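Tertiary structure, described
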Amino acid sequence: MVSVAITTICDLVEHCRRRLDDVSPLDDLPETNLQLIQQAAEEADESDLLWTTAELRHYANEAIREVAIRTRCIRDNARNVAGFTSFELAPGENEVSIDHRILVVRKVFWNGIVLWPDSEQFLDEASSTWREDTTDCPRRFVLNRSARQLMLVGLPTTAGTVSFDVIRMPMKAIEQGIPEIPPKYLPHCLHWMCHLAYLKNDADTADANQAANYETLFTAAVGPSRTDHEVELAYHQQGRRRARLYYF
């Protein structure tokens, strides 16, 4: 009997395997330690299963990531992860790279002071030297979305810390433990896991209709995936000169 609650990635794997009806048949409950050892060896072999535990765990991580992308449900406003949401800059340095896991830059800070976004086009029209000008305390920044680079307006004359308030994807794939997305989304992850499972290129697993059905269930539960055009439109609707959110 499988518990209804889904709280960990191991729960996702177990529930998905049962939904796929890909379980090893058990005649009777083990009665001796030897039977327990033999059963464990058979389960570790997984030769009679259509999907391995490693594959289902991969599908679970992909589902968690897809939920985070579609719902924007993971926010990181602690601003203290070095090289991710926090960057120490020496005097004369004014550029940082935006990690690929960051979906939205909500705010940017210099030594705890909120910076205002600006446009390279407007700055170029106002001054040809703004990239080389110095400042003791930057107040603005520009962001190159295609290159995923952020540049402070002016070269700081003192060392400082650039930090972000962001919406992001999970930091890493996990093999066990509790996923970063809110628990309410975990049951919906099973739809995406089954969608991926039925896309496995094997005569006994590939089923385009089942894959499409589970993709539809997932989309109905968590919402559609944004196209590049929609992301670009959302960005520009924020305003060119005083945009508050930067979507990737």
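Predicted model only: the values in this text are computed from it and were never measured. Residue numbers restart at each chain and count upward from 1, following the sequence in its written direction. The predicted nature of this model means local features are confined to residues of pLDDT at least 70 and side-chain atom pairs, given and counted, to a pLDDT of 80 or more, with totals for whole chains, interfaces and linings taken over all residues. The basis for every side-chain value is the complete set of non-hydrogen atoms in the structure, without hydrogens or water.

Another aspect to go through is the pattern of salt bridges. Here, a salt bridge means any Lys or Arg side-chain nitrogen found within 4 Å of an Asp or Glu carboxyl oxygen. If you walk through the whole model with that rule in mind, you get 10 salt bridges. A salt bridge links Arg-17 to Asp-22, with the nearest nitrogen and oxygen atoms 3.1 Å apart. With respect to class, Arg-17 is no different from Asp-22; both count as buried. Arg-168 serves as the salt-bridge partner of Asp-76, at 3.3 Å between the closest nitrogen and oxygen. Pair noted here: Asp-76 is in strand 1 (residues 75-76) and Arg-168 is in strand 11 (residues 160-168), with a separation of 92 residues, a long-range link. Accessibility assignment for this pair places Asp-76 and Arg-168 in one class, buried. Between buried and exposed lies partly exposed: a residue is buried under 20% and exposed over 50% of the maximum accessible area for its type, with that area taken using a 1.4 Å probe on protein chains only. Helix and strand labels come from DSSP, where a helix needs a run of H or I of at least four residues and a strand needs a run of E of at least two; each type is numbered from the N terminus.

Quick look at the pairing of strand 11 now. Buried residues dominate strand 11, accounting for nine of its nine residues. Side chains Gly-160, Val-162, Phe-164, Val-166 and Arg-168 of strand 11 all project onto a buried face; the interleaved residues Thr-161, Ser-163, Asp-165 and Ile-167 project onto the opposite face, where all are buried too. For two strands to be treated as a pair, DSSP must find at least two bridges joining them. Bridging between strand 1 and strand 11 involves two bridges; their strand directions are antiparallel. Within strand 11, the position partnered with Arg-75 by the bridge is Ile-167. Where strand 2 (residues 86-89) meets strand 11, four bridges bridge the pair, whose relative direction is antiparallel. Bridge assignment links Phe-87 to a residue of strand 11, and that residue is Val-162.

Note that predicted coordinates carrying low pLDDT should not be read in detail. The predictor reports its confidence for every residue as pLDDT, a score running from 0 up to 100. Here the chain averages 86 in pLDDT, while 80% of its residues score no lower than 70. Contacts between residues were defined by any pair of non-hydrogen atoms, one from each residue, lying within 4.5 Å. Per-residue pLDDT stays below 50 along residues 239-243; that stretch engages in 10 contacts with residues further than four places along the chain or on separate chains.

What follows concerns the side chain of Asp-11. If you trace the backbone, Asp-11 turns up in helix 1 (residues 9-19). Lacking a salt bridge, the buried Asp-11 has Arg-18 as its closest oppositely charged neighbour, with an N-O distance of 10 Å. In the analysis that follows, any N or O atom pair within 3.5 Å is treated as a polar contact, provided that within protein one partner can donate a hydrogen and the other can accept it, and provided that, for residues neighboring in sequence, both atoms belong to side chains. A polar contact of 3.0 Å, which involves the side chain of Asp-11, links it to the backbone nitrogen of Thr-7. In contact with Asp-11, not counting residues within four places along its chain, are Ala-5 and Ile-6. Under the convention used here, Asp and Glu are negative, Lys and Arg are positive, and both His and the chain ends fall outside the count.

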